[in-house]
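Architecture at a glance
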Amino acid sequence: MLDLVSALNPPQREAVLVEGGPLLVLAGAGSGKTRVLTHRIAHLIRERGVPPEAILAITFTNKAAGEMRERLAGLVGPAARALWASTFHSACVRILRREAHEVGYERDFTIFDQADQLRVLRACYEELSVDPKRFAPRAVLGRISDAKSRLLTPDGLADEVSGFFDDKVVELYRRYEDRLRLNGGMDFDDLLMLTVELLEGRPAVRERYQQRFEHVMVDEYQDTNHAQYRLVRVLGEPQRNVMVVGDDDQGIYSWRGADIRNILDFERDYPEAHVVALEQNYRSTGTILSAANAVVSRNRGRHPKRLWTDRDDGEPILLATCRDEHEEARLVAAQIRRAVDEGRSHAEIGVFYRTNAQSRVIEDTLVRDGVPYQVVGGPRFYERAEVKDVLAYLRVTANPADAVSFARMVGTPKRGVGPGCVARLSWYAEQLGIPLADAAAQADLVPDLRPAQRTALRELAELLTELRRLDEAGAAVDRILEAALDGSGLRAALAGERTIEAQGRLETLDELVVLAAEYQGRAEEPSLRSFLEEISLYADADAVDQESGRVTLMTIHNAKGLEFDVVMIVGLEESLFPHARSDTPDALEEERRLFYVGLTRARARLVLAHAQSRAMHGGRDYRLPSRFLAELPAEAVEATRSTLSTPAETSWSWGSGARRGAPDLQTGDSVMHATFGEGVITGVEQGGELVRVRFSDAERRLIAASAPMRKVAEG
DNA sequence: ATTCAACGCTTTTTT
DNA sequence: AGCGTTGAAT
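Residues numbered from 1 in each chain as written. Chains lettered and ligands numbered in written order. Predicted model: local features only at pLDDT ≥ 70, side-chain atom pairs only at ≥ 80, totals over all residues. Heavy atoms only, no water.

1. Thoughts on the overall build of chain A
Of regular secondary structure, chain A possesses 26 helices and 21 strands. Computed over C-alpha atoms, the radius of gyration of chain A comes to 28 Å, within 12% of the 27 Å expected from 2.2 N^0.38 for 715 residues, which places it in the range of a compact globule. Relative to its full complement of 715 residues, chain A shows a buried share of 53%. Once local pairs closer than 6 in sequence are excluded, the contacts in chain A between residues at least 24 apart make up 73%. For chain A, the exposed area adds up to about 31200 Å²; of that, 49% sits on carbon and sulfur atoms. In chain A, the 92 positive side-chain charges and the 111 negative ones have mean positions that sit 2 Å from each other. (Helix = DSSP H or I, 4+ residues; strand = E, 2+ residues; numbered from the N terminus. Rg over C-alpha atoms; globule rule 2.2 N^0.38 Å. Buried < 20%, exposed > 50% of the residue type's maximum accessible area, 1.4 Å probe, protein only. Contact = heavy atoms within 4.5 Å. Areas by Shrake-Rupley, 256 points an atom, 1.4 Å probe, with all protein chains shown as cover. Lys, Arg positive; Asp, Glu negative; His and termini not counted. Charge placed at Lys NZ, Arg CZ, Asp CG, Glu CD.)

2. Focus on the protein's contact with DNA strand C
Around DNA strand C sit R122, K133 and H617, and that is every residue in its neighbourhood. Within the side chain of R122, a nitrogen or oxygen atom sits 3.0 Å from a phosphate oxygen of DNA strand C. (Near = heavy atom within 4 Å. Polar contact = N/O pair within 3.5 Å; in protein donor to acceptor, adjacent residues only side chain to side chain.)

3. So, unusual backbone geometry
The step from T412 to P413 runs through a cis peptide bond, and the omega angle for that step is -5°. Following the sequence through the fold, P413 ends up in the loop between α17 (403-411) and α18 (419-432). F577 connects to P578 through a cis peptide bond whose omega is 10°. As for its placement among the helices and strands, P578 is situated in the loop between β13 (564-569) and α26 (585-599). In this model, E220 sits at a positive phi of 50°, which is unusual for a non-glycine residue. Mapping E220 onto the fold places it in the loop between β6 (215-218) and α11 (226-236). You can call E220 buried: its relative accessible area is 8%. Even without being glycine, S575 reaches a positive phi, approximately 80°. Along the chain, the position of S575 falls in the loop between β13 and α26.

4. A word on the sheet that holds strand β2 (residues 55-58)
Ordered in space as β3-β2-β6-β7-β1-β8, the 6 strands form an open sheet in which the pairing is parallel. Edge positions in the open sheet fall to β3 (84-86) and β8 (274-278), since each of these has one partner strand only. Strand-to-strand twist of the sheet, defined as the mean angle between neighbouring strand axes without regard to direction, takes the value 10°. With 5 bridges connecting them, strand β1 (residues 23-27) and β8 associate as parallel partners. Pairing of L26 across the sheet is with A277, part of β8. (Pairing = 2+ DSSP bridges. Axes fitted to C-alpha atoms, helices over the stretch in contact; angles between N-to-C directions.)

5. Overview of the protein's contact with DNA strand B
R354, N356, R380, Q453 and H617 are the nearest of the 26 residues found near DNA strand B. A distance of 2.9 Å separates a phosphate oxygen of DNA strand B from a polar backbone atom of N356. Among the elements that make up the surface near DNA strand B, the one with the highest residue count is α18 (3 residues). The residue makeup of the surface near DNA strand B, split by class, is 7 nonpolar, 12 polar and 7 charged. (Nonpolar A, V, L, I, M, F, W, Y, C, P; charged D, E, K, R; others polar.)

6. Re helix α14 (residues 325-341)
Taking 1.5 Å of rise per residue, the 17 residues of α14 would be expected to cover 24 Å, and the 24 Å separating its terminal C-alpha atoms lies within 8% of that figure. Residues E325, E327, E328, A329, L331, V332, A333, Q335, I336 and A339 constitute the buried set of α14. Looking at where α14 begins, the residue whose side-chain oxygen comes 3.0 Å from the main-chain nitrogen of H326 is D324. One or two residues past the end of α14 sits G343, with phi positive at roughly 100°. (Expected span 1.5 Å × (residues − 1).)

7. Concerning the packing of helix α16 (residues 385-398) against helix α21 (residues 477-488)
One way to put it is that α16 packs onto α21 with a least axis distance of 10 Å and a crossing angle of 110°. Our classification of the angle between α16 and α21 gives roughly perpendicular. The element α16 and its partner α21 pack so that their crossing is right-handed. Taken together, the residues of α21 that come into contact with α16 (itself represented by V390, Y393 and L394) are I480, L481, A484, L485 and S488. The residue inventory of the contact of α16 with α21, partitioned by class, reads 7 nonpolar, 1 polar and no charged. (Parallel < 35°, antiparallel > 145°, perpendicular 65-115°, else oblique. Left-handed = near helix turned anticlockwise from the far one by under 90°.)

8. With respect to the pattern of salt bridges
Pairing between side chains becomes possible if they bear opposite charge and their charged atoms approach one another. On inspection of all chains with the given rule, the structure shows 62 salt bridges. A network of salt bridges, in which partner residues are shared, links R283, E315, R338, E342, R344, E348, E563, D565, R603 and R605. (Salt bridge = Lys/Arg side-chain N within 4 Å of Asp/Glu carboxyl O.)

9. Regarding the side chain of T309
Relative to the elements of secondary structure, T309 occurs in the loop between α13 (286-296) and β9 (317-324). A polar contact of 3.3 Å, which involves the side chain of T309, links it to the backbone oxygen of N281. Once you skip the residues sitting within four places of it in the chain, T309 turns out to touch N281, S284, T285, G286 and L289.

10. Thoughts on the packing of α16 against α17
Between α16 and α17, whose axes approach to 8 Å, the crossing angle comes to 120°. Viewed along their axes, α16 and α17 adopt a mutual orientation that is oblique. In the crossing of α16 with α17, the sense of the turn from one axis to the other is left-handed. Residues A385, K388, D389, A392, Y393, R395 and V396 of α16 form the contact with α17, whose own contacting residues are S405, F406, R408 and M409.

11. Description of the packing of aromatic side chains
The full count for this structure, using the stated rule, is 15 aromatic pairs. Their ring planes at 50° and their centres at 5.1 Å tell us that Y519 and F531 sit as a pair that is tilted. Of the two residues, Y519 sits in helix α23 (residues 500-522) while F531 sits in helix α24 (residues 528-536), which places them 12 residues apart along the sequence. Across the pair, exposure class does not vary: Y519 and F531 are buried alike. Note on F577 and F628: the rings are 5.8 Å apart at their centroids and 85° apart in plane angle, and the pair reads as edge-to-face. Residue F577 is found in the loop between β13 and α26, and its partner F628 is found in the loop between β15 (619-622) and β16 (637-641); the two are separated by 51 residues along the sequence. (Phe/Tyr/Trp six-rings, centres within 6.5 Å; stacked < 30°, edge-to-face > 60°.)

12. Here we look at the side chain of N262
Inspection of the secondary structure assignment puts N262 in helix α12 (residues 261-269). Among residues more than four places away in sequence, those in contact with N262 are Y221, T224, N225, H226 and Y229.

13. Focus: helix α9 (residues 188-201)
A turn of α-helix holds 3.6 residues, and therefore any two residues three or four places apart point the same way. Look at α9: 20 Å from first C-alpha to last across 14 residues, which is about the 20 Å you get at 1.5 Å a residue. Most of α9 is tucked away: 10 of the 14 residues are buried. Listed in full, the buried residues belonging to α9 are D189, D190, L191, L192, M193, L194, T195, V196, L198 and L199. The backbone nitrogen of D189 lies 3.1 Å from a side-chain oxygen of the residue at the head of α9, namely D187.

Dropping the structure here:
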C-alpha cells in the first residue's frame, strides 16, 4: 500500500492527518496544497473508512476536479469515482436538478450566460421604459450579480440601497427575476443563491445533504463569495468537518464578489478550527520567490507571512523594455526560441497578459514564426454567433419555456420573422399561458401575422417536435444537433453564402458536431440536457492542455493554479497592469496580487516586458512602465532594452531610479510631433512625466521625455 | 415589418 | 476592433 504521508513535510502531514472538525490551511503559492488536499481525502477514505460519496470536494475548475479524481483513483482505486469533486456551480446544478421544484423551477431549467442575461435585461428595459443609455445594462447586471452573490433578493437590495440609480437597479432586478423565471432560466449567480435558499429554507432537503456529506473541502477559498461561504457553512453542519484551503495573497476575484474576509470569518465561525500554514515553496527558484515576496509584501491588507525555499537562486529575472507591442511580441518569440534551443519543451512555456486583447499581436508573431501555441480564453467557442444560433434550437428543445433562445432561433436563419412577429406570438402565448413553441404550432390562430410568417412558424414548430421526439427517443446528441442544423436551414443558409466567413462558420459547426459526438461517447449518462449544461458550465481554464506540446497564452486570471518552467508576463505598463479601472487602493492591491500570482507560476525563468507605446482603440498610447516593476528587488532583475530593434534615441528608466529631464512643457504650449504633427498641451500629469496633447485628430497622452516631439511655442 | 449599412461609443479580469 | 443603435432601403 502506498504510504500517504512519508513524502510530506511536517505541516503538510499535519493537514493530512489531523482529526475531523474544521481545518483551515493557509497555503502559499507552490506549497503543495493540491497534494495535501488529495492526500487528506485519500487518508479519510483509506484509513478512516469514510465512503468516497460522503466527501464533497470543491475545486476552482472542472478540469481541476477531474484531475483530483484521477489522482485519487491512483491512491485509493476506482472507488474514487463516487467522490463529489466539482466546482461550486456544477455541484449546485447537480443539486438543483433534483430539487428544482422546491425552488419553483422545472427540472429542465436552462442556464443563462451573460449574453442571455443581457437579452433578458434589455427586455426589462423595454417593459419599464428605462433608457439603456442612462443606465448601462452591463453595469446594472453587475449590480444585480453583486446583490445575488450576497444573497440579496430585490427586496433585500431595496432595504440596503437608495438613490436614483439604485432604485432603478432594484426595479430592474425585480423584473429581471420575473422574466428569468418565466424563461425557466437561471443565471450563474442563481445557481448558488437558489441552492443556498434551498438548503437553508427546506429543513428536510438540508438534512438529506448534510447527512450525505460527512466532509466538505474547498480549494481556492480566498476566491469564494458570500453565497459560496454560506453554502459551505450550511453543508458543513452539523459535523463541522469542513476543510478550506486558501491564500489571501492570491485573491484575485473580488470584482466578482469574492471576499477575502471569508477566511477570517472561518476562524470566527469555527473557533475550534485547526489552522495549518504551508510556507515552504517547492516550485520556484529563490530569485523568483524573493521577487514575488517583495512585491506582495507591499500590500497592507494581508496576513504577514513569508514563503521560503531551499532551492538555489537560479537565474535573474529578465526585464525587457520594448518600443511597442510588436517588438514585445518579437521578444516573446525570441525568448521562446531561446528556451527551446536550450532543450525546453514548448509546453513548459506560459505567456501571460492582463487583458485578452493583448493576445492578438503575440499570436500573429507566433503564427509567422511557426511556433505552436494555444490560447486559453478570449472569444469563446461556445459563444460564437453560429454556435449559439444552433444551440438555441437545442435549448428550446430541452426547455420550451426559454423565450430568449426561442427569439434567437426564430431570427436565424432569416425567414421573414422578426421582433414584431415574435412580440405578437408572445402576446398570444401569454394569453393562453402556453410556451412560445406551442404558440408557434398554432400560428394560424395568432392575429396580425402574414401568411408567410404563419408558415414559417408552423414549420419551426414541426422541427421542434421532431427534435423533441429524437431527444425523448434517446437519440445521440450529435444526431439531434445534425437534425437541427439541417432542419433549421442554418447549414444551407451558410453554404449558400459562399464567402470565406460563411465557410469558417460551417467549419465551426462541424467542430461542434465533433464535440457533441465526443461528449456522447464520453458521458456516463449522455443526454441533451446534460450536454447543454456541460457547455454552460464550461470554463476557459478547463481547456488548458499542459501536454499539448504548445506554448500557452492566457490571462493571469486563467493561469491561477498552473505552473510553467518559463513564464513571460507582458504589457507591464501603467493603466494596463495595474489596469486603469483599478484605481482604488483596494483594487490596486488586487492588481498586485494578480501580479504575484503571475510571478509565482514560474519554476525556473521569468521574463517581464513592457512596451513604451501600444496601439489602443484606434490610436496609439504612450505609456509608463508599471509601478510594479519598481517593486522588484534590484538584485533580482536584469534589465535590458529589447535587442530586437534599434534602440530609440531617448532611453528612460523605470520606477524610483534616475529620471531623465523632460522638456519643460506647460499647458498651452505648442508642440510638433514627428508622427502626429502640430499639437497643443492640454495637461501635465504625474509630475511632468506625462503630457496630454491635443492634435488635430485626437488628444493623446505622451511621455514627455521620450515622445518624438519638440516645443515650438510657449503657451 | 425586416433587413442592411453606417456611425458612434466603449473595452478588465470570468463561473 | 467590435457592438448596439440609428436611419434608410426594400
